[in-house]
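As a plain string of letters, each chain reads:
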Amino acid sequence: MAIPSRPTAHQTASPGAVPPGRSGSGTTQDEPPARAKRGELAVFTWKVLIVAGVAALTLFLWKVSGTLLLIFTGVLFAILLQRLTGYVRQATGLGHGWALAIVLVALVLVVGGGGWLMGTSMAAQLGQLQEQVTKAMAMLPDEWRQRIMDESKDWPWMNQLSSFASSLVYVIGDAVVVMFAALYLAASPGVYRRGVVLLVPPQGQERAWEVMNVAGDSLWKWLIGQMVAMAAVGTLTAVGLWLLGIPSALALGMVAGLLEFIPLVGPFLAAIPALLIAFAQSPQDALWVAGLYLVIQQVEGNLVTPLLQKRVVDLPPVITIGAIAAGGVLFGLIGMFLATPIAVVVLVLVNLLYIEDKLGQPRHFPNNES
């Protein structure tokens, strides 16, 4: 009796059956999970690349932050030059180039004359201050005077002088960069504005023009408010010091007006040279000068600034304080100078691009009525 042979796989399989582990297309059954894993890996890779790119861009911007701040300073001065040039063109009918030249010559005369006046006056007062310090040293007990002289021998005068000279060179170089950046931007503002707009996709270029216009107008209004406040503080300081009989009243008034550009901190810095010069005359004069600066700051903070804010950009005080503190910690003195205008630009971008475009709500800054 013959034993039937066990059927082979080919014999038991139906004609249309597919061998296990195979699909009709000739691929394995575990391909969908593998494909999903590859897709997840690709998404994860892109996320990692994006994070790395953002981190690299942030590091790059941090490294060149000093240069970016100088360029922003040039933009501020360019806005000033451009607006003043526009007024000269309206008054004289001259072309843009000639009007800009008139503005530059006027500014050079004002700044140069003021710098010469302030320099000569301060040099004379420094000599008087040195005499007063010498007299005060002579009035000290011999033991104290000898101790001060011994301590002064150990002070690193040469290192401090070298550090100051190096810092002065950097300041002059930065001023030259700002000056040329402002000149080029003011001479051909349309070229650079179009260059920025071209970086935006076509569907957003019209909005980019609008954002730049609003930011420029806001910075100009802020500059107007600052210049009026600076002129008011400088005038009040010069007149008050003159009435008190303090030498170099005009030069000290100019210093107070210029340092008014730095909110909150500038007035304290401006009071230092005035107090030194007043103390060179008598301690009583120094007390009168301190009271004068305190009164002027109260008038500026409670009368001048509120009146200006009705017509110019009204920046919330908390944002101003926070911006100045952050600017000083991150970028030093130049950060404190530029903290407020940078805050103005940031608020414009947030209000236009986020509150209006993303949330669909009316913006709150800058106020359309300002």
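Thresholds applied
- Residues numbered from 1 in each chain as written.
- Predicted model: local features only at pLDDT ≥ 70, side-chain atom pairs only at ≥ 80, totals over all residues.
- Heavy atoms only, no water.
- Helix = DSSP H or I, 4+ residues; strand = E, 2+ residues; numbered from the N terminus.
- Contact = heavy atoms within 4.5 Å.
- Axes fitted to C-alpha atoms, helices over the stretch in contact; angles between N-to-C directions.
- Left-handed = near helix turned anticlockwise from the far one by under 90°.
- Nonpolar A, V, L, I, M, F, W, Y, C, P; charged D, E, K, R; others polar.
- Buried < 20%, exposed > 50% of the residue type's maximum accessible area, 1.4 Å probe, protein only.
- Phe/Tyr/Trp six-rings, centres within 6.5 Å; stacked < 30°, edge-to-face > 60°.

1. Some points on the side chain of Thr73
With respect to the helices and strands, Thr73 occurs in helix H3 (residues 65–92). Excluding anything up to four places from it in sequence, Thr73 contacts Val178 and Leu338.

2. Some remarks on the packing of H3 against helix H13 (residues 333–356)
The interhelical angle for the contact between H3 and H13, taken along N-to-C directions, is 65°, at an axis separation of 11 Å. For the element pair H3 and H13, the recorded crossing hand is left-handed. Packed against H3, whose contacting residues are Leu69, Leu70, Phe72, Thr73 and Leu76, the element H13 presents Ile334, Leu338, Pro341, Ile342 and Val345 at the interface. Grouping the constituent residues of the contact of H3 with H13 by class yields nine nonpolar, one polar and no charged.

3. Thoughts on the side chain of Glu260
Turning to its location among the elements, Glu260 is positioned in the loop between helix H9 (249–259) and helix H10 (266–281). For Glu260, a relative accessible area of 7% translates into the label buried. The contacts of Glu260, once residues within four sequence positions are left out, are Gln226, Ala229, Met230, Val233, Pro267, Gln297 and Glu300.

4. Some details on the packing of aromatic side chains
By the definition in use, this model includes two aromatic pairs. Here Trp62 and Phe331 contribute two aromatic rings whose centre-to-centre distance is 5.9 Å and whose plane-to-plane angle is 40°, an arrangement assigned as tilted. Placement of Trp62 in helix H2 (residues 31–63) and of Phe331 in helix H12 (residues 317–331) is noted, with a sequence separation of 269 residues between them. Residue Trp62 is classed as partly exposed on the basis of its relative accessible area of 45%. Residue class for Phe331 comes out partly exposed when judged on its relative accessible area of 29%. With a centroid separation of 6.3 Å and an interplanar angle of 55°, the aromatic rings of Tyr87 and Trp220 are classed as tilted. Of the two residues, Tyr87 sits in helix H3 while Trp220 sits in helix H8 (residues 205–244), which places them 133 residues apart along the sequence. The class of Trp220 is buried, set by a relative accessible area of 7%.

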